[in-house]
Amino acid sequence: MLTDPDLEPTMQAVADAYFASAVNTTDDGCRRGGATVYSAGASAVVTALSKRTDAWQQPREDDNPQRDIGPQPDVWIPATGADVGRVTAAQEDRVFARLEPDTGPFAYSPVVLAVPQDLARTLGKPTGRPLSELVDALEAAPGTAEVHRPDPGFTDSALMATMGLYGDGDDARGAERLLTRPERPEPSAVKLLCTLPDDDAVDDRSAALVPEFLLRSGVDCHPVTRVPRTAAYPDDVPGLEPTFVRVRWDHGDRDTNARDDEANRFRTWLTGAEGRAVLGEQGFRSSSGERALLDAESAPDGLTDTVRPPDSADSSGLDETLEEYGNGHGSGRVLFLLDSSGSMAGLWDGPSGGPGILKRTLPGLGGEDQYGMWAVHGLEGRTHTELLRFRTHPRKDAERALDTTTVRDAEADPPAALLDAMTFMRERGADDERPQLIVYLTDGEDDTRLTGDELKQAVERAGTAGVPVVMVILNSGACDSGRPGTLIAEASRGRCLDAGDDLAPALHDEVARVGTGEE
């Protein structure tokens, strides 16, 4: 039985209960059959069932779903019936597996924004609002709230949350900026809820986009230390609707009658009273009606008794969202601005100098990433000199450019250089959703020009340009609240780093989130 990674703990509990049930026990006490439960990334399974069924039966060295996913399943439990449509829509001529899905799901679980209880009161009513509005409300709350989401390429719950996040707009990159940007997202909601408690401070301020049932059970790690969370129910995010799908393989007719008998008996038990009881213990809701909790008496605090579900997921919407997400997380674009004014002379040489810090970020960029470097100096005319043309580069070319650049006998104009950089990057990202970043490394000496109307204009442009800006300022306290670098970074949804931070590793991490370089 193949299932979605978020569903694996539940389906294992179901399979264990079925194995010990009276239905699966003969008169002399023997078990009639059993189910082996395993999971694989939802999108990988869709691809395998639509385009790789021949290789699943006859693996090749370069194409082996038996290795990548697991054995050929008799039963597939996707997190939404829409996955069946994704498979059939993409099937090619040579198809060796036939899907027989049930007409509807056997359970339901909404995808929720699970908010620490201390933050939940800032949201107000937990229902009746789109996801983007809930995220905006969290961002406006006092303190530093974070929103985390698992990998949409791996689980359907994360992909459906991403559908709500993107909405009807065409700015996936802008929508992604609403989320906390880890270097590598957790593959599943189960993993996400396990890793957040590793840091109490992060757990305390982090909301998570996860299936509601995982707030009841299904996560065995950190059972005591996890921060209690309240569920907010976005009205534009489809819920999980696990569906029983019988998979029949060409030339897989050995023991057909026995396998059919076992699959049918398991399906009948799963959808009956005993199966529903186990699903209720796992936190699931009824698949129809008001979607009441199947086991309301043992539900944790912070859940809503009944919910009005949004429309079910549709196959084309999931595919389009996955494509948008992939475009927004493909090869990146980074523009480095290096303050080369005279005041940088004492902060130039060595691994902790301006060029040295930028060199140490380059492993975060790969051969498919585009990047360029500007030396920022001058008050009239051009605000910079191009050190490295904006395109793909071998790392040694970028290192050579940094080795040969020098400090100029000139001052710099930070607001003009930033405005030029934001215009430059916006033009390059006009036709796609690839991740972008501007890095401005400076000593902050010329921040006297980042005041008044010039600062206001830079902050306003940072808020609308759609490109995160990382301000790297080689002085302590330069990223304090209200300082120019902080205001620009926050407006752009970037980050401000100063001498109080571990600059090179922190900047490397920011660049690596955009690039495709070393893991």
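Throughout this document, residue positions are counted from 1 along each chain, in the order its sequence is written. Under the rules for a predicted model, residues below a pLDDT of 70 receive no local features and side-chain atom pairs below 80 are neither given nor counted, while totals for whole chains, interfaces and linings still include all residues. In computing side-chain values, all of the structure's heavy atoms are included and hydrogens and water are not.

## Structural notes on the pattern of salt bridges
- Whenever a carboxyl oxygen of Asp or Glu lies within 4 Å of a side-chain nitrogen of Lys or Arg, that contact is scored as a salt bridge. Throughout the structure, instances matching the rule amount to 29 salt bridges.
- In this structure, the salt-bridge partner of E100 is R98, at a minimum N-O distance of 3.5 Å.
- Across the pair R495 and E510 runs a salt bridge, and its minimum N-O distance is 3.2 Å. Placement of R495 in strand β16 (residues 495-498) and of E510 in helix α20 (residues 503-514) is noted, with a sequence separation of 15 residues between them.
- The buried label applies to any residue whose accessible area, calculated with a 1.4 Å probe on protein chains only, is under 20% of its type's maximum; exposed applies above 50%, and partly exposed to all values in between. Classification of R495 by relative accessible area gives partly exposed; the value is 32%.
- With a relative accessible area of 3%, E510 lands in the buried category.
- Among the ionic contacts, a cluster of salt bridges with common partners joins R52, R60, D63, R67 and D68. The way it works is that DSSP assigns letters per residue, a run of H or I at least four long becomes a helix, a run of E at least two long becomes a strand, and they are numbered from the N terminus.

## What about unusual backbone geometry?
- Positive phi, close to 60°, is recorded for D255, a residue that is not glycine.
- Tracing the chain through its elements places D255 in the loop between β10 (245-249) and α12 (256-271).
- Residue classification places D255 among the partly exposed residues on the basis of a relative accessible area of 49%.
- The phi dihedral of R493 is positive, around 65°, even though this residue is not glycine.
- Relative to the elements of secondary structure, R493 occurs in the loop between α19 (484-492) and β16.
- Of the residues examined, R493 reaches a relative accessible area of 25% and is grouped as partly exposed.

## Notes on the sheet that holds strand β4 (residues 97-101)
- Any two strands between which DSSP finds at least two bridges are classified as paired. Strands sit in the order β2-β1-β3-β10-β4 across an open sheet of five strands; the sheet is mixed. Each edge of the open sheet is held by one strand with a lone partner, namely β2 (38-39) and β4.

## Here's the deal with the state of the cysteines
- The term disulfide is used for any two cysteine sulfur atoms that are within 2.5 Å. If you walk through the whole model with that rule in mind, you get one disulfide.
- Here C479 connects covalently by a disulfide to C496, the sulfurs 2.0 Å from one another. Across the S-S bond of C479 and C496 the torsion is about -80°, and the bridge reads as left-handed. Of this pair, C479 sits in the loop between β15 (469-473) and α19 while C496 sits in strand β16, placing them 17 residues apart in sequence. Residue C479 shares its accessibility class with C496, and that shared class is buried.

## Some words on the packing of aromatic side chains
- In this scheme Phe, Tyr and Trp rings, the latter by its six-membered ring, pair at centre separations within 6.5 Å, and the angle between planes marks the pair as stacked below 30 degrees, edge-to-face above 60, and tilted otherwise. Throughout the structure, instances matching the rule amount to eight aromatic pairs.
- With a centroid separation of 6.4 Å and 40° between ring planes, the pair formed by F244 and F266 is classed as tilted. Of this pair, F244 sits in the loop between β9 (229-234) and β10 while F266 sits in helix α12, and the two are 22 residues apart along the sequence.
- For the ring pair F390 and F424, a centre distance of 5.4 Å and an interplane angle of 80° mean the geometry is edge-to-face. In this pair, F390 sits in strand β13 (residues 384-391) while F424 sits in helix α17 (residues 414-428), placing the two residues 34 residues apart along the sequence.

## Observations regarding the sheet that holds β13
- Taken together, six strands build an open sheet; the order of strands is β13-β12-β11-β14-β15-β16 and the sheet is mixed. A strand with exactly one partner marks an edge of an open sheet, and here the two such strands are β13 and β16. Strand-to-strand twist in this sheet, taken as the mean axis angle between neighbours without regard to direction, amounts to 10°.
- Strand direction decides the pairing type here: strand β12 (residues 370-376) and β13, joined by five bridges, are antiparallel. Of the residues in β13, the one forming a bridge with W374 is E386.
- Whether two residues touch is decided by their heavy atoms; if any such pair falls within 4.5 Å, the residues are in contact. Working convention: axes come from line fits to C-alpha atoms, limited for helices to the stretch in contact. Angles between N-to-C directions cover 0 to 180 degrees. The sheet strands contacting α19 are β15 and β16, and the helix crosses β15 at an angle near 160°.

## Focus on the packing of α17 against helix α18 (residues 452-464)
- Two elements in contact, α17 and α18, have axes separated by 10 Å at closest approach and are oriented at 20°. Judged by the inter-axis angle, α17 sits roughly parallel to α18. The chirality of how α17 crosses α18 is left-handed. Contact residues: P415, L419, M422, T423 and R426 in α17; E454, Q457, A458, R461, A462 and T464 in α18.
- Under this grouping Gly is polar, as are all residues other than the nonpolar Ala, Val, Leu, Ile, Met, Phe, Trp, Tyr, Cys and Pro and the charged Asp, Glu, Lys and Arg. Here the residues of the contact of α17 with α18 are counted per class, giving five nonpolar, three polar and three charged. When describing relative orientation, an angle under 35 degrees is termed roughly parallel and one over 145 degrees roughly antiparallel, while 65 to 115 degrees is termed roughly perpendicular and anything else oblique. By the definition used in this description, the sense in which the near helix is turned from the far one sets the handedness, with an anticlockwise turn below a right angle giving left-handed and a clockwise turn giving right-handed.

## Here we look at helix α1 (residues 8-19)
- Its 12 residues place the ends of α1 16 Å apart at the C-alpha level, agreeing with the 16 Å of an ideal helix rising 1.5 Å per residue.
- Looking at α1, one finds that the buried residues are T10, M11, V14, A15 and Y18. Down the axis of α1, the smallest arc covering the buried residues is 135°, so these residues share one side.
- Contacts from the buried residues of α1 go to β1 (2-3), β3 (75-77), α12 and α13 (273-281). One less than the residue count of a helix, multiplied by 1.5 Å, gives the span that helix is expected to have. The arc in question is formed by the directions pointing from the helix axis toward the C-beta atoms.

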